[in-house]
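The lines below spell out each chain.
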Amino acid sequence: MKPNVFRIRVLFGFILLIACVFAVRLYTIQVIGAEKYSDKANKQSKKPISNIFNRGTIYFTKKDGGTVSAGTQKTGFIVAINPSTIKDADGTYDKLFEYIPTLNKESFMARATKKDDPYEEVFKRLDEDSTNRIVSAKIPNVNLYKEKWRFYPGESMASHALGIVAYKGDELGGRYGLEKFYENTLQRKNESTYINFFTEIFSNIKSSLSSESKMEGDIVTTIEPSVQAFFERTLEQINSKWSSEYTGGIIIDPKTGEIIAMGMYPTFNPNNFQQQKNSAIFSNPLVENVYEMGSIIKPLTMASGIDNGSVTSATTYDDKGSLTLNNKKISNWDGKARGVVSMQEVLNQSLNIGAVFVMQKMGKEKFSEYMLNFGLGEKTNIDLPNESLGIVENLKSPRDIEHATASFGQGIAFSPMATVRAMSVLANGGTLITPHLVSKINYTSGLSKTISSVNGRRVIKAETSEAISRMLVEAVDSAKIYGKIRIPNYNIAAKTGTAQIAKKEGGGYYDDRFLHSFFGYFPAYNPRFLVFLYTYYPKGIGFSSETLPTPFMTVAQYLINYYEIPPDR
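Below, the structure is looked at part by part. (Residues numbered from 1 in each chain as written. Predicted model: local features only at pLDDT ≥ 70, side-chain atom pairs only at ≥ 80, totals over all residues. Heavy atoms only, no water.)

A word on the pattern of salt bridges. Scanning the model with the defined rule gives 20 salt bridges in all. Residue K461 pairs with D307 through a salt bridge whose shortest N-O separation is 3.4 Å. Of this pair, K461 sits in the loop between strand 15 (448-450) and helix 19 (462-478) while D307 sits in helix 13 (residues 298-308), and the two are 154 residues apart along the sequence. With a relative accessible area of 37%, K461 lands in the partly exposed category. Within this structure, R55, R150, E179 and E183 form a network of salt bridges that share partners. (Salt bridge = Lys/Arg side-chain N within 4 Å of Asp/Glu carboxyl O. Helix = DSSP H or I, 4+ residues; strand = E, 2+ residues; numbered from the N terminus. Buried < 20%, exposed > 50% of the residue type's maximum accessible area, 1.4 Å probe, protein only.)

Structural data, given as structure tokens:
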């Protein structure tokens, strides 16, 4: 081949490459990036901030698989003035007031009189209709710039799960909840309004090949909006009826770990979170706080004893009402002896001494091994920030008394989420799950990632899961309070829990302050849902059997109807 021909072909190839690059870039600008560059045009160069807020979307998932926005972006306009050129501040205010009746005059005048300042924002988040009217009025020294901000269509719905977007110093980002946990996915890289054209071409080619750019995307949660709304109303009703400090709950699929609903009351509206006086309300006690859960731990103790072969549902013992270990006395909740009773009655009557009997039959070392295998001393790895570890040091104590109190849920503490994870083992055939709120990530690159729970270690045998479920169903069927509210034709496995609240300054427990808890799953032998409820320091009531069974059954009936779950008996 002649040298000149070769050079011509190389040159032609290079020109063709450049043409392709420009064609791709033109398509990117005019089609893919149309909205982005439109935003930049709206901003123009008069506004000192060169970027328009941009962030990925969070979705709820409806029962039919469709999605609705849980956290998205809303568009409006900033009204800005140029104080350095305004001659009649009062007149400018009067003209703007015609279109913005909520415009504060005192604040406006303070900004309009800054004669050395060429730019002051006087109103934010103005709707498009009002903006168009101001544009038509052509008010001198007034400019309008497009803006976007985080918006939650459901307002307070699932706020503790979603979190907020807020500034920390000069940095705007996710704070609390999913907004924080998935910050790297939801955030969008800030881009300068003005950038060298050729630099932008080649920098974007490079970034499109990097793994970092593929991390940006939208997230799809497992939360079902109708269930979430109903559940939150139930939590509010519980809290209001008993004047509790707060009330919370979780609805989970005990087989997959998908969280269908979770909530706390009191709650907050992330659209106007700045109005909250106490920032503590933004934290999520369901994963960040730990509690002594009380008697709902007894099914874990019983399942451990059954799995170990130490007891069966028919095993009996002589209940004296109390016993002394390491010079400390522990008693049944009412201090009364029951005589010879079975393990089934331990759950039916929630007998502390019966739980201690199971622990002693196993031996404290084996008992502690089982309890730790339920995951009570470790994180669940839920996709929420600031998860707390359980307090389980008593399970490592050489003394019998600490293991005895642990057998009925005292002296050890863990989060509601860790509790739900442990209870799911009883329901799902005996294995640990990973609770999660996000089922799918749709990346801006066009790729997607499906998130599903991979079952962890086996804690108890499948036969043990069935046995403890049978015992919990019997406990529901035989209890007087359930007889009036039991759902016909459905096997429901459930247990109440009442625990004294430990004094914050240490040194024992309050005599008149309790944490009430309740968990249940259904249909018991092939469960679709596990529901957990708790209320902290309800007033004027002693036991959770009086506060939580009715709302639990209300939620269960709603789920059965909503998901059309067929009867199992």
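Further remarks concern the nonpolar core. The biggest cluster of nonpolar side chains holds 97 residues, and the ones touching the most others in it are M302 and L426. If you tally residues by element for this core, the top one is helix 18 (residues 416-428), at eight residues. With residues near it in sequence (within four places) discarded, L426 still touches P299, L300, A303, F374, I460, S465, I468, S469, F519 and Y521. In terms of nonpolar packing, the next biggest core, distinct from the first, is built from 30 residues, V476, L533, V555 and Y562 among them. (Core = buried A, V, L, I, M, F, W, Y, C linked by side-chain atoms within 4.5 Å. Contact = heavy atoms within 4.5 Å.)

Time to look at the environment of F273. Tracing the backbone through its elements, the reader meets F273 in the loop between strand 9 (259-265) and helix 12 (285-288). A residue is classified by how much of its surface remains accessible, and F273, at 15% relative accessible area, is buried. As a C-alpha pair, F273 and V165 span 108 residues in sequence and 9.5 Å in three-dimensional space. Leave out the neighbours within four places in its chain, and F273 touches I164, V165, A166 and F282.

Glancing now at unusual backbone geometry. The omega angle of the peptide bond from Y265 to P266 is 5 degrees, so this bond is cis rather than trans. As for its position among the elements, P266 is in the loop between strand 9 and helix 12. That bond from F522 to P523 is cis: its omega, -20 degrees, falls within 30 degrees of zero. Phi at S243 is positive, roughly 50 degrees, even though this residue is not glycine. Within the element layout of this structure, S243 appears in the loop between helix 11 (225-242) and strand 8 (246-252). Of note, E564 is a non-glycine position whose phi angle comes to about 50 degrees, a positive value. Here E564 lies in the segment after helix 21 (549-562).

Turning our attention to the packing of helix 11 against helix 21. Axis separation between helix 11 and helix 21 bottoms out at 11 Å; the angle between their running directions is 165 degrees. In terms of their interaxial angle, helix 11 and helix 21 are classed as roughly antiparallel. Seen along the crossing, helix 11 lies across helix 21 with a hand that is right-handed. Residues S226, V227, F230, F231, T234 and I238 of helix 11 pack against P551, T554, V555, Y558, L559 and Y562 of helix 21. Of the residues in the contact of helix 11 with helix 21, the class split is nine nonpolar, three polar and no charged. (Axes fitted to C-alpha atoms, helices over the stretch in contact; angles between N-to-C directions. Parallel < 35°, antiparallel > 145°, perpendicular 65-115°, else oblique. Left-handed = near helix turned anticlockwise from the far one by under 90°. Nonpolar A, V, L, I, M, F, W, Y, C, P; charged D, E, K, R; others polar.)

In this structure, the second largest pocket encloses a volume near 960 Å³. Counting only elements with at least two residues in the lining of the second largest pocket, the list comes to helix 14 (343-348), helix 19, helix 20 (480-485), strand 16 (493-502) and strand 17 (509-522). Broken down by element, the residue count for the lining of the second largest pocket peaks at seven residues, all from strand 16. In the lining of the second largest pocket, the residues fall into 12 nonpolar, 15 polar and six charged. (1 Å grid on protein atoms, 1.4 Å probe; cavity = no way out; pocket = protein on both sides within 12 Å on 5 of 7 lines; lining within 4 Å. Points joined across faces, edges and corners; volume = space filled by probe spheres on them.)

The next subject is helix 11. Between the first and last C-alpha of helix 11 there are 26 Å, a value that for 18 residues agrees with the 26 Å anticipated at 1.5 Å per step. For helix 11, the complete set of buried residues consists of P225, V227, Q228, A229, F230, F231, E232, T234, L235, I238, N239 and W242. Of the surrounding secondary structure, the elements contacted by the buried residues of helix 11 are strand 1 (58-61), strand 2 (67-81), strand 8, strand 9, strand 18 (529-536) and helix 21. Capping the start of helix 11 is the job of one residue whose side-chain oxygen sits 2.8 Å from the backbone nitrogen of S226: E224. Positive phi appears at S243, one or two residues downstream of helix 11, with a value of about 50 degrees. (Expected span 1.5 Å × (residues − 1). Polar contact = N/O pair within 3.5 Å; in protein donor to acceptor, adjacent residues only side chain to side chain.)

None of the figures reported here should be taken as evidence of function without further support.
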